[in-house]
Amino acid sequence: MLKCDLLVDSKDLRQTILKLKKDEDFTILLDISGIDYLKFPDITPSRFALVYILRSSDFKKEITVKTFVSDETLSLDSIYDIFASANWAEREAYDQYGIKFLNHPNLKRVLNHKQFVGHPLRKDYTITKGQICTETDDLMDEMTPLLESKGYTKEEIEDLMLLNVGPSHPASHGTIRNFVAMEGETITACVTEIGYLHRGFEKACEHHTYSQVIPYTDRLNYCSAILNNIGWAKAIEEMLNIEITPRAKMIRIVIGELSRIIDHFVCNAANMVDLGGLTSLWYLFGARDQAYDLLSKLTGARLTNTYTRIGGLEFDLYDGFAEDLEEILKTAEKSIDDVLSLIAHNRIYQDRTQDVGVIKPDFALANGISGPNLRAAGVAHDLRKDKPYYGYENFDFDVVIGSHGDVYDRMMCRFEESVQSIKIIRQAMKNMPEGPINVYAPNVMLPLKKDVYGNIEGLMNQFKLTFEGIIVPKGEYYSSTEAANGELGFFIVSDGSGRPYRVKCRPPCFYSLAAYSKIVEGTMLADAVITMASLNFIAGEFDR
C-alpha cells in the first residue's frame, strides 16, 4: 500500500518521469490511473489527475507520481517513448476520461468502440447509458502507418494479404481481434483490437460498497477467481490497516495456490489443443474438474467463488477438507507427469514451441509484462518473494525461471510453478493454525445471525454495513498480489465513504496483450496462434 509520493506540475511530468528512470532506478511503469475529482469532497487544483505507478529494477521499491491536468487543454506529454507500457495505458486514460497525450503515436480508444460518444469514467457520465456499435472498424488507420514505418510503399501494401484472426476464432482464446499483414505465411505487421467484453468493472465499483465489489472481481480472471478475491480483499484490508487472522492467511494461501494450479492447467491444456494434442487436455482437465468439486463444496460455487470477505473468509474449511485436497494434489502431480511423458521428448512438440514467440527480458520489463511470462524470459520476479504477504517468506518454494523466453519456456514454467504451488499447499496444510477465520471488527465484519436477531446493536450493525458499507479512510492506495497471470494491482481512491470513489484495476494480461503484436511480427501465422495461447490472455481480465 502507498500514498502519492510526488505531486508535480503537468509541464514537468515527462522530465520527472525521465529523471526517476535514469537517476533513481525506477525502470518499470506498472500502471497509469486517471481520476475525475468532479464530485470529490475536497477542493483540487483541477478536475482531472493522472497517477503513474513506478517500480525499481530490484522490484523492492514503488513510487507514485501524480499530476493534475489543465482544465483548459486537458492534455499533457506522452511518455510512451520512455516506457513502452505507457502506450495502451495512455490510450485507456484517453478512452475513459478524454485526456489527450501529446505526441502519442496512436491515440485512439482501446476499450470502447469507435462510435462511442463521451468518456464513461467521468463522474457526469450516466452508468446506465448504453451505446451500441453498428459499424466495424477496418483498422487501416493503424495498419497503414505501421506498414509505412517499415518501409512499404502504397503499391507494396496493396500486394500484402490482410487477414483477421478473431475476435470469433477458436484459437483467439477470448474475444481478441488481431489484424495481420501477411507476406506468404509470415506476419509482417500486426494490430490488436480489444474491448469486445468490456463490462465496465471500474465504473460499477464506484456504485457499490467495498464488499459488494467482491463478486465483480470473480469475473476478471475467471480461471482463478479466488486470486482476484484475495487481491481485492487484501487491498481494502491494507487501507483499513487490518491484519487478518493467522488461519485466514493460511487458508487464503492454500486456496489461492490451488487456483494458480487450475489457471496454469487451463493455459497449458488449451495451448496443447492448439498444437493438436487433445489427450493432454483431458489429463489436465481431470485434475481441474476435481479441484472445482472441492471449491464447490467449500464455497458453494465452482467457477466464480466470491470466497473472501474483507477481514477474513466466508466459510472455514469443512470436515474432510485435508483429505479431499490431498487427493487433488496427487491427481495434479500425476497429470503433470502424464502430460510431460507425452511432450517432454516429443520432437514435434519441441519444434513447434522452441524458439517460437521469444520474449527478451528487457522487452518484457519495458512493456509491463509480469508473472510466468516474465519469469519465462529469465527475470526472477515474484511478488510472493520480492514483496511477500501472508507469510509467504516462511515457505520453502522456488521462483521458476526460463532461459529463452519462448513458448516452450512459458509452458514449462507453468508446469513447474504448479509443482511449487503443490509444495506450498502441503506446507500450509501441515502448519494450519487453529482459531477464527475472521477478525473481530464490528465496523468491518457482518455480525453473527444470533446477534442480528438477538440484540439491537447487532441489528443496527448489520443494517449500516449492508446499506452504507465499510467506511474506508480518505486516501489513495495501490496494492498488488501475485495472481496466476502476473501482478494484479488495485489503485483505489477513497473519499471516506462506504463506496470507492475510484478503482483502477491493473490486469496483468492487459500489458502482455499490448506487447503481443510486436512479439509475433516476423513469425509464422501458425506460431502466432500458440504464442497467444502461451501468454494466457483472459478477456474478462484485460477488457474488464
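Counting of residues starts from 1 at the beginning of each chain's written sequence and follows it residue by residue. Totals for whole chains, interfaces and linings use all residues, but because this is a predicted model, local features are given only for residues with pLDDT of at least 70 and pairs of side-chain atoms are given and counted only at 80 or more. Note that water and hydrogens are dropped before the side-chain values are worked out from all heavy atoms of the structure.

Pairing between strands is defined by DSSP: at least two bridges between them are needed. Starting at the N terminus, helices and strands are each numbered in turn, a helix being any DSSP run of H or I of at least four residues and a strand any DSSP run of E of at least two. Reading across from one edge, 12-13-14 is the order of the three strands in this open sheet, with antiparallel pairing throughout. Two strands bound the open sheet, and with one partner strand each, they are strand 12 (475-483) and strand 14 (502-506). Direction aside, the axes of adjacent strands within the sheet are offset by 15° on average. With five bridges joining them, strand 13 (residues 486-494) and strand 14 adopt antiparallel strand pairing. Its bridge partner lying in strand 14, Phe-491 is registered against Lys-504. Along the sheet, helix 7 (residues 225-240) makes contact with strand 12, strand 13 and strand 14, crossing strand 13 at roughly 40°. Between N-to-C directions, angles cover 0 to 180 degrees, with each direction set by a line fitted to C-alpha atoms, over the stretch in contact for helices. Two residues form a contact once any of their heavy atoms are found within 4.5 Å.

Turning to the nonpolar core, a few remarks are in order. Throughout, nonpolar core names a set of buried Ala, Val, Leu, Ile, Met, Phe, Trp, Tyr and Cys residues whose side chains join them through atoms within 4.5 Å. Throughout, exposure labels follow a simple rule: accessible area from a 1.4 Å probe, protein chains only, divided by the maximum for the residue type, with under 20% read as buried, over 50% as exposed, and the rest as partly exposed. Ranked by size, the top nonpolar core spans 71 residues in total, and within it Ile-17, Leu-50, Tyr-52, Leu-54, Ile-99, Phe-537 and Phe-542 carry the most contacts. Those residues in contact with Leu-50, other than ones at most four positions away along the chain, are Ile-32, Ser-33, Gly-34, Val-65, Lys-66, Thr-67, Val-69, Leu-76, Ala-93, Ile-99 and Phe-101. Ranked by size, the runner-up nonpolar core spans 58 residues in total, among them Ile-262, Phe-265, Val-339 and Phe-415.

Regular strands place their side chains on alternate faces of the sheet. Here strand 4 (residues 62-69) lies mainly inside the structure; eight of its eight residues are buried. Side chains of strand 4 alternate between two faces, with Glu-62, Thr-64, Lys-66 and Phe-68 and Ile-63, Val-65, Thr-67 and Val-69 buried alike. Here strand 1 (residues 6-9) pairs with strand 4 via four bridges, running parallel. Within the sheet, the bridge partner assigned to Leu-6 lies in strand 4 and is Val-65. For strand 3 (residues 48-55) and strand 4, the ladder comprises eight bridges, and the chain directions are antiparallel. Within strand 4, the position partnered with Leu-50 by the bridge is Thr-67. Remark: six residues form the turn of the hairpin made by strand 3 and strand 4, two consecutive strands paired antiparallel; Phe-59 in that turn has positive phi of roughly 65°.

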